[in-house]
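Residues per chain are reported as follows:
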Amino acid sequence: MGLEFLARIRRTTLWLSGIAALVIATYFAPLAGAGLALGALASLANLGLIELLVVSITTPGSKASAQARARAALALGGMITFFALGALLLKFLPAMWLMIGFGVPFLVMLMKAVALLLIESGWWAKFTARPWRAALAVLAVAFAMWLALGALPGAGGASAQRSAKPAAHQPAANQMAASAKAPDAAEKVEAGGDKGEAAGEKGEKKEKEPGFPTVITLLEQAQPHAAWLPFVVHYEALLFSLFIAGLICLLAFFASREAKMIPGNLQNAVEALVEALHDFVVGILGPKYGPRYLPFLGTLFIYILAMNLFGLIPFMHSPTASLNVTVALALTVFVYVQYTGIRGLGIVGYLDHLIGSPRDVISWLLVPLMLPIHVLGELAKPISLSCRLFGNVFGEDMLLVAFATLGILTLPIAKLPFGLPLHLLFVPLALLSSVLQALVFTVLSTVYFLLMLPHDEHGDEEKAQHAH
Amino acid sequence: MDFHAALGIGLPIGIGIAAVGSGIGLGGIGNGAMQAIGRQPEATGKIQLNMIIIAALAEALTIYAFVTMFLLSPKI
């Protein structure tokens, strides 16, 4: 017992309240979840201050007494500030959830104390001596929790059970349906029985694409009539991509701020990534042109990879699952490639490249045929780049959503606030495909640059590559 | 047969056909690449790179079908 016990309580409370806040924010109301989380945080901070006070008072030895007094003063002042803050929070957030959050650490403390007492007692040792008895107890506890969860009003997460008792918990159920993992698919199943209930708001919700709830969806529920909401919803992918760009900038800043000869963990990882990208790009473009295009291509890879992987984080969304973002990326590549071509070959050389570099009579005769082919080939590049990336990431997200829906629909009778995590099977696949698509995008962009650059020894290779 | 029914039947079949085609293509690409690696293990890096590029090109066709399906599926 003692300080170590308190540290354990703090850790457990953080985890528990975090998970509980997420679940409540998704299935009840976002504000309630926020209230729970903030309440738990305030309680934890309060506990920490009390701990500080007690420690500073009870620490023996008069040597550090001035320091101890300063600490005690800090603790008291902090607690008073927290009272003010708590009053402020009570004004904005639901009081009940704040109080529940405030009570979480005490609940954890109580449970831990009970568990400690129980584990040390002889009865517990006798009980767990036999594995089957312990297993039976675990099963009994699980069954009791199942029953208790089912009895709680509005605890069910799957919207499929909504039709079972629609009148009992309508407001909660409506919000649940909107935020349950795949609203559209689940709604389609029971659209017939439900239409009369909440036709007004359902009508516009149905237009939405299916998908996991994101931060934006939560905002939409918390402030359904805010003036800035249409903007945020409309530019969801853009906002997320800007956010990711900011994250990458921050990461790069922190990794390169204090460059050392013997790098730390972060610097080491970033250097390894940059080095691998450098070798990769220089391997394709050659030592002459490689370093010039490395920043652009490397940034593309890192950015696309981060955007692809971002959708796997709960409450986040892959910006690359929207055609706008991928088309923007592909257009950037397209413009840069054409610019490279014109700059490297000159206008005449560029046109010469477009009409297939005619040198004799037959190839001059073929110019009317070659020109459209080359122009179409150039125009097809951004289209295929963007559609490939969009299709893969979007398809991967849809796969996860479809299987998550299936997982929810398998357990409608249990009335649990969650379903079977069937989509977990496909998360490794999504990881693999995210990396692969980022790589493919980068490789193809690099090859487009290679085709545009003036090349002497690659004459035959170019024709072979143009064939596809 | 009305428009919706035709779309409902056609979309899955269409994407299936596209998948078959690019599956055959990917099989051929993988076959060639593996044989090449088996013959020249020291060129593995280059072969793998080209294999990924061509595989992406072959796979893109299915993805186009997939995107088309998602564009059309709200009309069912």
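Please refer to the structure higher up on the page.
Presented here is a report on the structure given in the accompanying data block. Because the structure is predicted, anything quoted here is derived from the model rather than measured.

**Some points on the overall build of chain B**
A count of helical and extended segments in chain B gives two helices and zero strands. Within chain B, contacts between residues at least 6 apart in sequence are counted, and of these 82% link residues at least 24 apart.

**Quick look at the overall build of chain A**
What chain A contains, in helices and strands, is 19 helices and zero strands. A buried classification covers 27% of the 468 residues belonging to chain A. By sequence separation, contacts in chain A at least 24 residues apart represent 65% of the contacts at least 6 residues apart.

**Comments concerning the packing of helix 18 (residues 427–452) of chain A against helix 2 (residues 44–72) of chain B**
It is at 10 Å that the axes of helix 18 of chain A and helix 2 of chain B come closest, and there the two elements cross at 100°. Taken together, helix 18 of chain A and helix 2 of chain B sit at an angle that is classed as roughly perpendicular. Counting all contacts with helix 18 of chain A, which are made through Leu-439, Val-440, Val-443, Leu-444 and Val-447 of chain A, the residues of helix 2 of chain B involved are Leu-49, Ile-52, Ile-53 and Ala-56 of chain B. Counted by class, the contact of helix 18 of chain A with helix 2 of chain B contains nine nonpolar, no polar and no charged residues.

**Quick look at the nonpolar core**
Counting 42 residues, the largest nonpolar core has Ile-304, Val-333, Phe-441, Leu-444 and Phe-449 of chain A as the members making the most contacts within it. Listed by contribution, the elements that provide at least two residues to this core are helix 13 (236–256), helix 14 (265–310), helix 15 (323–354), helix 17 (367–409) and helix 18 of chain A together with helix 2 of chain B. It is helix 14 of chain A that contributes the most residues to this core, 12 residues altogether. Formed by 18 residues, the second largest nonpolar core is a distinct cluster that contains Ile-24, Tyr-27, Ala-29 and Ala-32 of chain A.

**Structural notes on the interface of chain A and chain B**
Taken residue by residue, the interface counts 13 residues in chain A and 10 residues in chain B. Elements with a minimum of two residues in the side of chain A that touches chain B: helix 17 and helix 18 of chain A. Of all the elements, helix 17 of chain A adds the most residues to the side of chain A that touches chain B, at seven residues. Among the residues forming the side of chain A that touches chain B, the class breakdown is seven nonpolar, five polar and one charged.

**Thoughts on the environment of Ala-68 of chain A**
Residues and elements named next belong to chain A. Tracing the backbone through its elements, the reader meets Ala-68 in helix 3 (residues 65–92). Exposure remark for Ala-68: the 18 C-beta atoms within 10 Å place this residue in the partly exposed category. Spatially, the C-alpha atoms of Ala-68 and Thr-58 are 9.4 Å apart, while their sequence positions differ by 10 residues.

**Re unusual backbone geometry**
All names here are of chain A. Located in the positive-phi region is Phe-315, a residue other than glycine, with phi close to 65°. Here Phe-315 lies in the loop between helix 14 and helix 15. For Phe-315, a count of 14 C-beta atoms within 10 Å puts it in the partly exposed group.

**Description of helix 2 (residues 30–58) of chain A**
Across its 29 residues, helix 2 of chain A extends 42 Å between first and last C-alpha, which sits within 8% of the 42 Å expected from 1.5 Å per residue. Among the residues of helix 2 of chain A, Pro-30, Ala-32, Gly-33, Ala-34, Gly-35, Leu-36, Ala-37, Leu-38, Gly-39, Ala-40, Ser-43 and Leu-49 of chain A are the ones counted as buried.

**Some thoughts on the packing of helix 17 of chain A against helix 18 of chain A**
All names here are of chain A. Relative to each other, helix 17 and helix 18 sit at 175°, their axes nearing to 10 Å. In this view, helix 17 runs roughly antiparallel relative to helix 18, as classed from their interaxial angle. Contacts between helix 17 and helix 18 pair Lys-381, Leu-385, Leu-389, Asn-392, Val-393, Glu-396 and Leu-400 from the former with Ala-430, Ser-433, Gln-437, Phe-441, Leu-444 and Tyr-448 from the latter. Taken together, the residues of the contact of helix 17 with helix 18 sort by class into eight nonpolar, three polar and two charged.

**Comments concerning helix 2 of chain B**
A rise of 1.5 Å per residue sets the reference length of helix 2 of chain B, with its 29 residues, at 42 Å; its end C-alpha atoms lie 41 Å apart and thus fit the reference within 8%. Among the residues of helix 2 of chain B, those classed as buried are Ala-56, Glu-59, Ala-60, Thr-62, Ile-63, Ala-65 and Phe-66 of chain B. For helix 2 of chain B, the elements touching its buried residues are helix 17 and helix 18 of chain A together with helix 1 (3–39) of chain B.

Calculation notes
Residues numbered from 1 in each chain as written. Chains lettered and ligands numbered in written order. Predicted model: local features only at pLDDT ≥ 70, side-chain atom pairs only at ≥ 80, totals over all residues. Helix = DSSP H or I, 4+ residues; strand = E, 2+ residues; numbered from the N terminus. Contact = placed C-beta atoms within 7 Å. Buried ≥ 20, exposed ≤ 12 C-beta atoms within 10 Å, placed from the backbone. Axes fitted to C-alpha atoms, helices over the stretch in contact; angles between N-to-C directions. Parallel < 35°, antiparallel > 145°, perpendicular 65-115°, else oblique. Nonpolar A, V, L, I, M, F, W, Y, C, P; charged D, E, K, R; others polar. Core = buried A, V, L, I, M, F, W, Y, C linked by C-beta atoms within 7 Å. Expected span 1.5 Å × (residues − 1).

Nothing here speaks to function; it is geometry throughout.
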